[in-house]
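Residue-level structure breakdown
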Amino acid sequence: MTLKEKLLKYIQSPEYKGQTKEELAAAFNIDISDYRMFFKSLIDMEKNGTIYLSKKGKYLLVKNEDNALVGKIIGNAGGFAFFESSDENQADVFIPPNKVKGALHGDTVLIKITKQAADGMRSEGEVVRILNESEVEVVGTLVKAGKYYFVEPNNSKFSQDIFIHSDKLKGAKNEDKVVAKIVKRSVKDKNPEGIIVEVLGNKNDEGIEITSIARQFGLPYIFPKKVIAEAKSLPDEVSELDLNGRTDMTDLFTVTIDGASAKDFDDAISIKKENGNYKLFVHIADVANYVRPNSELDREAYNRGNSVYMLDRVIPMLPEELSNELCSLKPGVVRLSHTVEMSIDNNGKVLDYQFYKSYIKSDHRLIYDDVSDFLEDDLDIFKDEKLKSDLQLMKQLYSILKEKRDRKGAIEFNLPEPEITMGDKGEIVDICKRVRRISDKIIEEFMIVTNETVAAHFGYMDYPFIFRIHEEPSRERIKSFEMLMSNLGYRFKGKEIHSKDFQELLEEVKGKNEESLISSLLLRSLRKAVYSREPDIHFGLSSNFYTHFTAPIRRYSDLFIHRIFKKAVENNLDMNYNLKHLEKLDDIAEHVSDTERKAEEAEREVEAMLKMKYMKKYIGKKFNGIISSLTSFGVFVELENTVEGLVHFRDMNDDYYYFDDEKYVIIGEKTNRRIKLGDSVKIKVKGVNESRNEINFEIVRW
């Protein structure tokens, strides 16, 4: 039983009447040296909505009253909010503006359901009590209005501007990008009050938007001096001493395949065919050799959790001295690696595998587009006959592995990813739908089988490990998705729905107008994949065991697993190591899940900002689009280039429209026109709201 489980059991007991953190520490005989760890466990339980801190400073159990739920508030610029439950089985709940009760984005709250979900619509609820107020720092633009100052939040999850007294500006000037801390929450119709805690620069400074978004999500984009110093103290090249105890794989023909601008090459591939089977070698950079536990580099990597890719800027998990140099599997130089060798038959079954501490020397640094041009279009790009032969073998093995995954029922989403082209001066030249080509798919498939092989090996061993799990969707979410699909004219067979059913649905809609819409709706209905110390299924991949092993340069989960992998190869895993790390695993898994989510949100915010800037030059222009979402205040329309904009009801002047939430359709009162998901429309770009990263459309033809 973990410490958190023991605490919960203690607090749940009928005799417990509430205690301070110090009283709890005394009850558990916690040594003063361990107070920090103990108090952190209490804070984590508070954040998760299990317990809350009373006004008297005592920890109490959150008592779920009838029809009440605990979770977090996700705000919205429109004044309404969504409730995200701490219970994965509970779908999100819509909170109308008059039911938010002063809760801000990020607050942990207790709500009660006021209207149950029906016909694909979310439940509605109201905030009963704020259990834990989030420490709110808001990034935005300082605006002077007469003699008053306000901060207009960048984050569309905040519905009000922040009032700033003139003596709390900290040197900030009109139109500066700033960080404001809310010190007094809004009362009735008054704006919340804040103080400026950091000035980022003028809103027109080059690159300020990306910096603002990084700061908004709390991404540490500057490495501390101690971390840089430690990185610079590492050797420039692999030493002879580092090669001791490793398998020499420099004679294996090896390639990396990455994007044209990539510099951190953390995976390389070798392939052979022997006795009718494929021999696949996946070499992953041995970052753990240089990033030692509890070092400055390790602590900073853990804090960051992962690299964040913000289009033309990367916020790396590790300094460039490692990510782009010493650990990068560059061609023609010896690099330390961990290798997974797999023997795979013509049905995609892994017959045998071996793990190695190794060192390699990559023969070619290949680019995705070049490899795809060669394999798809038979372009004579490469002169090396060995390279051409191996690429054809990779294509064959990819097809075999892909067919096996399809047979298992793995879900392959065809979500429209934008490809944003930037000019030399940072301007947005074009936005179009990114096409996933054969080379991308080959590398993805090889990484999947490697992650499955490593996870299965450790899944049957009693040692600390971090798995990547994706639980089955809740029955409530599936029911809502079925309702939406019914409105679009699609039906599922049978009462029980499996991943194979979703796979068949996506195959049915392939090439149709509503393909990307249905892929997106399906993704929203599934749970989010997370990290866990306990093995479980990966529903989307239809895998019994899965992990993240293949990207230790940019994911801390992978770095942690490489340390365990290395000990296993050295036959150095023992029970003491197991016990020492077991209690840390929950914290690590939870932390890297959180940093991953934060990175994804930041990347989406950058994408939205760039789309808004791009569409500014098309104000007044007309485009074809598809209805991608229905709301009580308007419809969202997605264009072919993946840009999405809002059409407010107030701009639909040909009729009075209202949202029928039971039939999930928008209806014109006079004309009885019915607007459904997936309908094709022609829109005109009405304008953009830069402070909110919003794009507004008008419908010009149905």
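Structure: see above.
A brief structural summary. (Residues numbered from 1 in each chain as written. Predicted model: local features only at pLDDT ≥ 70, side-chain atom pairs only at ≥ 80, totals over all residues. Heavy atoms only, no water.)

If you tally the helices and strands in the chain, you get 15 helices and 33 strands. On C-alpha atoms alone, the chain measures out to a radius of gyration of 27 Å, which is about the 27 Å that the 2.2 N^0.38 rule sets for 702 residues. In terms of its C-alpha atoms, the chain occupies a principal-axis envelope of roughly 70 × 70 × 60 Å. The 702 residues of the chain split such that 50% are buried. A sequence separation of at least 24 residues applies to 66% of the contacts in the chain between residues at least 6 apart. Surface accessibility of the chain: about 34,100 Å² in total, with carbon and sulfur atoms responsible for 46%. (Helix = DSSP H or I, 4+ residues; strand = E, 2+ residues; numbered from the N terminus. Rg over C-alpha atoms; globule rule 2.2 N^0.38 Å. Buried < 20%, exposed > 50% of the residue type's maximum accessible area, 1.4 Å probe, protein only. Contact = heavy atoms within 4.5 Å. Areas by Shrake-Rupley, 256 points an atom, 1.4 Å probe, with all protein chains shown as cover.)

Per the counting criterion, the structure on display carries 53 salt bridges. The shortest N-O distance in the salt bridge between R477 and D92 comes to 3.9 Å. One end of the pair, R477, is in helix α11 (residues 475-487); the other, D92, is in the loop between β4 (81-85) and β5 (93-95), with 385 residues separating them in the sequence. The partner of K357 in a salt bridge is E570, and the shortest N-O contact between them spans 2.8 Å. Linking K357 in strand β20 (residues 350-361) with E570 in the loop between α14 (556-569) and α15 (575-616), this pair joins segments that are 213 residues apart in sequence. Taken together, the shared-partner salt bridges in this structure form one network comprising K4, K40, D44, D587 and E590. (Salt bridge = Lys/Arg side-chain N within 4 Å of Asp/Glu carboxyl O.)

Before going further, it helps to examine unusual backbone geometry. Positive phi values are uncommon outside glycine, yet N29 reaches one of about 55°. Relative to the assigned elements, N29 resides in the loop between α2 (21-27) and α3 (35-47). Residue class for N29 comes out exposed when judged on its relative accessible area of 70%. Backbone geometry places N275, a non-glycine residue, at a positive phi of 55°. Mapped onto the elements of the fold, N275 is located in the loop between β15 (267-274) and β16 (277-285).

Now for the pairing of strand β8 (residues 137-145). Sheet topology places β8 next to strand β11 (residues 176-184); five bridges connect them, and they run antiparallel. Counted as the bridge partner of T141 is K177 from β11. Note that β8 and strand β9 (residues 148-153) share six bridges and pair antiparallel. Bridge pairing in β9 places T141 opposite E152. Between β8 and β9, which follow one another and run antiparallel, lie two residues, and G146 among them has a positive phi close to 70°. (Pairing = 2+ DSSP bridges.)

The five strands are arranged β8-β9-β10-β12-β11 in a closed barrel whose pairing can be described as mixed. The mean inter-strand angle of the sheet, taken between neighbouring strand axes irrespective of direction, is 50°. (Axes fitted to C-alpha atoms, helices over the stretch in contact; angles between N-to-C directions.)

For the rest of this paragraph, the subject is a negative patch on the surface. A cluster of like negative charges, contributed by E471, E472, E496 and D536, occupies part of the molecular surface. Tracing the sequence through the fold places E471 in the loop between β24 (467-469) and α11. (Patch = residues over 30% accessible without salt bridge, like charges linked within 9 Å, V, L, I, M, F, W, Y side chains within 5 Å. Lys, Arg positive; Asp, Glu negative; His and termini not counted. Charge placed at Lys NZ, Arg CZ, Asp CG, Glu CD.)

Pairing within the open sheet is antiparallel, and its three strands lie in the order β29-β30-β31. Each of the sheet's edge strands pairs with one partner strand only, and the pair in question is β29 (657-660) and β31 (674-675).

This part is about helix α4 (residues 208-216). Counted residue by residue, α4 has eight buried out of nine residues, so it is predominantly covered. What α4 keeps buried is the set I208, I210, T211, S212, I213, A214, R215 and Q216. In the segment just after α4, G218 is the residue with positive phi, at about 65°.

Now for the packing of helix α5 (residues 225-232) against helix α6 (residues 296-304). Packing of α5 against α6 brings their axes to within 8 Å, and their N-to-C directions diverge by 125°. If you check the angle between α5 and α6, you find them oblique. As α5 runs across α6, the sense of the crossing is left-handed. Across the interface between the two elements, K226, V227, E230 and A231 from α5 touch E296, L297 and E300 from α6. (Parallel < 35°, antiparallel > 145°, perpendicular 65-115°, else oblique. Left-handed = near helix turned anticlockwise from the far one by under 90°.)

By secondary structure assignment, the location of K616 is in helix α15. Sequence separation of K616 and V685 is 69 residues, and the distance between their C-alpha atoms is 8.6 Å.

Below, the discussion takes up helix α10 (residues 438-459). Note that an α-helix has 3.6 residues per turn; residues three or four places apart therefore point the same way. The end-to-end C-alpha distance of α10, which contains 22 residues, comes to 31 Å, matching closely the 32 Å that a straight helix rising 1.5 Å per residue would cover. When you tally the buried positions in α10, you get 17 out of 22 residues, the bulk of the element. (Expected span 1.5 Å × (residues − 1).)

On inspection of all chains with the given rule, the structure shows 27 aromatic pairs. Plain terms: the ring middles of Y302 and Y556 are 5.4 Å apart, the flat faces sit at 75° to each other, and that makes the pair edge-to-face. Highlighted residues: Y302 in helix α6 and Y556 in helix α14, separated in sequence by 254 residues. Accessibility expressed as a relative area gives 4% for Y556, which makes it buried. Three or more aromatic residues link up through ring pairs in this structure, and these residues are Y353, F355, F458, F465, F467, F549 and F565. A cation sits over an aromatic face here: K21 above F39, 4.8 Å from the ring centre. Stacked on the ring of F223, the Lys or Arg R304 has its end atom at 3.6 Å from the ring centre. (Phe/Tyr/Trp six-rings, centres within 6.5 Å; stacked < 30°, edge-to-face > 60°. Lys NZ or Arg CZ within 6 Å of the ring centre and 35° of its normal.)

Turning next to the side chain of D345. Counting through the fold element by element, D345 comes out in the loop between β19 (334-344) and β20. For the buried D345, no salt bridge is present, and the opposite-charge side chain at shortest range is K349, 6.1 Å distant. A polar contact is formed between the side chain of D345 and the backbone nitrogen of N347, at a distance of 2.8 Å. For D345, the contacting residues outside a window of four places in its chain are N277, L351 and I400. (Polar contact = N/O pair within 3.5 Å; in protein donor to acceptor, adjacent residues only side chain to side chain.)

Moving on, we come to the nonpolar core. Among the nonpolar cores identified, the biggest contains 82 residues, and L280, L322, L391, M394 and F446 are the most heavily contacted of them. Examining the composition of this core, we find that nine residues originate from one element, α10, more than from any other. Contacts of L280, omitting those with residues within four sequence positions, involve I269, S270, V340, E341, M342, I344, L397, F446 and V449. Membership of the second largest hydrophobic core comes to 59 residues, among which are V308, M310, Y614 and F697. (Core = buried A, V, L, I, M, F, W, Y, C linked by side-chain atoms within 4.5 Å.)

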